[in-house]
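Working through the structure, step by step
Residue strings, one per chain:
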Amino acid sequence: MAESSKRYFYITTPIYYVNDVPHIGHSYTTIIADALARFKKLAGAEVFFLTGTDEHGQKVERAASEKGLQPIELADQVVGRYKKLWQDLHISYDFFIRTTEPFHEKGVQKIFLKLKDKGDIYKGIYQGWYCISDEYYLPEDVPIEEGDYKICPDCGRKAGLVSEECYFFKLSAYQNRLLDFYQKNPEFVRPPSRMNEVVSFVRQGLKDLSITRTTVKWGISVPDDPDHTIYVWFDALHNYLTGIGYDRDETLFDKFWPANVHLIGKDILRFHAIFWPAFLMAAGFSLPQTVFGHGWWLRDETKMSKSKGNVLDPHLILRTFGADPLRYFLLREIPIGLDGNFSHEGFVHRVNSDLANDLGNLLQRTLTMIQNYFDGQIRDISEEEEGDRALRQDSEKTKDNVVQFFDSYALSRALEEIWSFISRINKYLADNEPWKMAKDKSLEQRLGRILLQTVRAIRVVVFCLYPVMPESMTKAWDLLGEHKPIEEESFSGLSFEGFQLDQQVKSPVPLFPRIDLKDFLQEEDTQSDQDKKEEHMDVVTFEEFKRMDLRVGEITAAEKVEGTDKLIKLEVDIGTEKRTMVAGIADVYSAEDLLGKKLAVIVNLKPAVIRGVESQGMILAAEVEGRASISFFESNIPAGAPVR
Ligand code: MSP
């Protein structure tokens, strides 16, 4: 039986940490999951799509205390942002799980006890290198320095060897069972290169895993031993069970477990491909079919992450261009197993060339011709000729290939396949030149046939693209004069002839306006309004304020950043050294205006790369209707003087 015709389909995304705001990387995993979930529904499966947030643990505890918030307050804020973003991106999840929900906590405790009773969880002594200042155990691969200590990679302080009582999971006992399972289920980890990575890691030997902490308070406590908190990964992975009804809704659970696919980024592969199946084996659950590890979106060749300050805020794109161009770009640009560099030029090119030109124009032209020549309704047609038949057959083939590619998670291949069919349709029109036939009444039936074949082919395209671009394809479906909602059509039911002779099409409206690189860059230079509002509402503690190093800086050099309207690159003397800073002020100040001027700067802001230039700080200026106004100090104020 073809994979796509299976009845139930359970798909998950990782649950996202709430110490970070959502960025393109998180959106990517969720968009892949959404496209697959929508595809599976159209392929006839009953789908459950789970996403959510990972709210416990030290990271969240620390991020909250830095903001002067309780962890749950921070979680509530960030959850709101995730949910809003998923709505804006048209993510059709069925359930949003939060690990702070009581049913999840109860479920995790129940499984913990079960494994403890079975002897797979036992109490022992954990020994590790502990950083007192950061309150955490250093990863094992941090080297031991001469003198027998390690250096904390986060704060650079010395870490000492510490022992504490904790609970362990007997991971070592599962090494052979895991290897055996991988061998029998080669599709458990995909793509195959990732499976090799996992197998060779397990072959090197597995140590028992410490799965509780006494140093972290923000988490689920160990039943009957509340000084111990369950390790955040043990807690989080079980969301895949509790989110689908474990210990809460047996019918739902039995229907959908085991999961068909856990979609994850490659950085969390070991947790999902080694720990997770071992936990499941221990507790007697069947194992998921596939863990799919996708690649990363990079910027300037490094992984986007908040700590690097190089994240791309999806709202910037969403506000100006909408969800579908972004969804299309992310899924089309790279095969999902590989890494990809996000470039503005790449995005603009894809939108203009693929969406506006190839697809948008085709739909626009075809509907316009049907309106102009037949009042929107083709009634009379000639027999199908060789070329017409070829187009019809191509559409069948395209549909079948698209189904196969979607089924094997090859989303970019599915899109390539659709685009080569779009080129075929465009060629069919160019070869037949219907606009010339329209002048000759005797060719009316032939003209009808050509436009009918074209619009039928377009309808297949629209349907195949719906999982990737649901909003615009729903509009296109409506323009084609369809009455049944697109979600009610199915891949098995979709036929070329489904577009009826006599079907009334609507007048076209542009679906994908062309975009300009300049708009995009300007968008990014100005921070999103929403961020501004939220920042405005955030309260900082005095402690937090004190951590900001604000000083007087003297501008010793200034030049415009090439290819931009607003950006100036400044060299700023901050008293102790000179720093490069990039500021979006060129629309108000010229380089000459700025030379020798003294102004307030923040110097301990994480550097960020802006248009290829590393900005090592930020100048402070008022902003009035998007334009900067800088307050300069008297010339006798020395560079480096603190600003309080
Ligand atoms: N909370 C854990 C997951 C627990 S699942 C039981 C976690 N959260 S995360 O918020 O840090 O990351 C979630 C996902 O986002 C990961 O799959 C990660 O790979 C993905 N991405 C984060 N940055 C990314 C890119 N720059 N590019 C693509 N995906 C990346 O890990």
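Residues numbered from 1 in each chain as written. Predicted model: local features only at pLDDT ≥ 70, side-chain atom pairs only at ≥ 80, totals over all residues. Heavy atoms only, no water.

1. Observations concerning the nonpolar core
In terms of nonpolar packing, the biggest core is built from 110 residues, with Ile11, Phe342, Trp419 and Met469 touching the most fellow members. The dominant element in this core, judged by the number of residues it contributes, is helix H17 (residues 444-465), at 13 residues. Excluding residues that lie within four positions of it along the chain, Met469 makes contacts with Asp324, Tyr328, Leu355, Leu359, Trp419 and Phe512. Val108, Val222, Ile264 and Ala278 belong to the second-largest nonpolar core, a separate cluster that totals 60 residues. (Core = buried A, V, L, I, M, F, W, Y, C linked by side-chain atoms within 4.5 Å. Buried < 20%, exposed > 50% of the residue type's maximum accessible area, 1.4 Å probe, protein only. Helix = DSSP H or I, 4+ residues; strand = E, 2+ residues; numbered from the N terminus. Contact = heavy atoms within 4.5 Å.)

2. Details of unusual backbone geometry
Residues Arg190 and Pro191 are joined by a peptide bond in cis, for which omega reads -10°. Counting through the fold element by element, Pro191 comes out in the loop between strand S8 (189-190) and helix H6 (192-203). Residues Trp257 and Pro258 are joined by a peptide bond in cis, for which omega reads 0°. Summarising the element assignment, Pro258 is placed in the loop between helix H9 (250-256) and strand S13 (261-265). Notably, His90 is not glycine yet its phi reads approximately 60°, a positive angle. Note on placement: His90 falls in the loop between helix H3 (71-88) and strand S3 (95-98). Even without a glycine there, the phi angle at Glu433 is positive, about 45°. For Glu433, the position within the fold is in the loop between helix H15 (411-432) and helix H16 (434-437).

3. Quick word on the sheet that holds strand S16 (residues 302-303)
Strand order in the open sheet made by the three strands is S16-S15-S17, with mixed pairing throughout. Both edges of this open sheet fall to S16 and strand S17 (340-341), since each of them pairs with a single strand only. Pairing of strand S15 (residues 297-299) with S17, which is carried by two bridges, proceeds in the parallel orientation. Its bridge partner being in S17, Trp297 is matched across the sheet by Gly340. (Pairing = 2+ DSSP bridges.)

4. Some points on the confidence of the model for the protein
The share of residues in the protein with pLDDT of 70 or more is 94%, and the mean pLDDT across the chain is 91. Note that pLDDT drops below 50 for residues 1-5; the model gives that stretch nine contacts with residues more than four away or on any other chain. Between residues 527-537, whose pLDDT stays under 50, and residues either more than four places distant or in other chains, the model counts 11 contacts. (pLDDT = per-residue confidence, 0-100.)

5. Here we look at the site of the ligand
The ligand sits among 24 residues. The nearest are Ile15, Asp54, Gly265, Asp267 and Trp297. Take Asp267: an N or O atom from its side chain is 2.5 Å from an oxygen atom of the ligand. The contact in question runs from a nitrogen atom of the ligand to an N or O atom on the backbone of Trp297, over 2.8 Å. Protein contacts shield 95% of the accessible area of the ligand, which totals 670 Å² for the unbound molecule. Breaking the shell around the ligand down by element, the ones donating at least two residues are strand S1 (8-17), helix H1 (24-42), helix H7 (232-237), helix H8 (239-242) and S13. With four residues, S1 is the largest single contributor of residues to the shell around the ligand. Per-class residue counts for the shell around the ligand are 13 nonpolar, eight polar and three charged. (Near = heavy atom within 4 Å. Polar contact = N/O pair within 3.5 Å; in protein donor to acceptor, adjacent residues only side chain to side chain. Areas by Shrake-Rupley, 256 points an atom, 1.4 Å probe, with all protein chains shown as cover. Nonpolar A, V, L, I, M, F, W, Y, C, P; charged D, E, K, R; others polar.)

6. Remarks on the environment of Lys116
You can see Lys116 is positioned in helix H4 (residues 102-118). The spacing of Lys116 and Ser395 is 279 residues in sequence and 57 Å in space, taken between C-alpha atoms. The contact partners of Lys116, leaving out residues within four places of it in the chain, are Ile121 and Tyr167.

7. Notes on the sheet that holds strand S12 (residues 225-230)
Pairing in this open sheet of three strands is antiparallel, and the strands run S10-S12-S11 from one edge to the other. Looking along the sheet, the strands with just one partner apiece sit at the ends: strand S10 (212-213) and strand S11 (221-222). In the sheet, S11 pairs with S12 via two bridges, with the strands oriented antiparallel. Note that in S12 the partner of Val222 across the bridge is Asp225.

8. Observations regarding the packing of H6 against helix H10 (residues 269-283)
With their axes 11 Å apart at the nearest point, H6 and H10 run at an angle of 55° to one another. Between H6 and H10, the angle is such that the two are oblique. Of the two possible hands of crossing, H6 and H10 adopt the one that is right-handed. Of H10, the residues touching H6 (which contributes Arg194, Glu197, Val198, Phe201 and Val202) are Leu269, Arg270, Ala273 and Ile274. (Axes fitted to C-alpha atoms, helices over the stretch in contact; angles between N-to-C directions. Parallel < 35°, antiparallel > 145°, perpendicular 65-115°, else oblique. Left-handed = near helix turned anticlockwise from the far one by under 90°.)

9. Looking at the pairing of S1
Burial analysis of S1 places eight of its 10 residues in the buried class, the great majority of the element. In this sheet, strand S2 (residues 46-54) lies alongside S1 in parallel orientation, the contact comprising eight bridges. Bridge assignment links Phe9 to a residue of S2, and that residue is Val47. In the classification by handedness, the crossover that spans S1, the intervening H1 and the parallel S2 is right-handed. Sheet topology note: the S1/S13 ladder contains two bridges and is parallel. Its bridge partner being in S13, Ile11 is matched across the sheet by Val261. (Right-handed = clockwise from strand over helix to strand, strands pointing away.)

10. Here's the deal with the packing of H15 against H17
The N-to-C vectors of H15 and H17 enclose an angle of 170°; their axes lie 10 Å apart at closest approach. Taken together, the axes of H15 and H17 lie roughly antiparallel to each other. Read as a crossing pair, H15 and H17 show a hand that is left-handed. Contacts between H15 and H17 involve Leu415, Ile418, Trp419, Phe421, Ile422, Ile425, Tyr428, Leu429 and Asn432 from the first element and Arg446, Arg449, Ile450, Leu451, Gln453, Thr454, Ala457, Ile458, Val461, Cys464 and Leu465 from the second. When grouped by side-chain class, the residues that make up the contact of H15 with H17 number 15 nonpolar, three polar and two charged.

11. Details of helix H14 (residues 386-407)
Under the 1.5 Å per step criterion, the end-to-end length of H14 is 32 Å for 22 residues, consistent within 8% with the ideal 32 Å. All of the buried residues along H14 are Asp388, Leu391, Asp394, Ser395, Thr398, Lys399, Val402, Val403, Phe405, Phe406 and Asp407. For H14, the elements touching its buried residues are H1, H15 and H17. (Expected span 1.5 Å × (residues − 1).)

12. Describing helix H12 (residues 323-333)
Of all 11 residues in H12, 10 are buried; the element is thus mostly enclosed. The set of residues buried in H12 consists of Ala323, Asp324, Pro325, Leu326, Arg327, Tyr328, Phe329, Leu330, Leu331 and Arg332.

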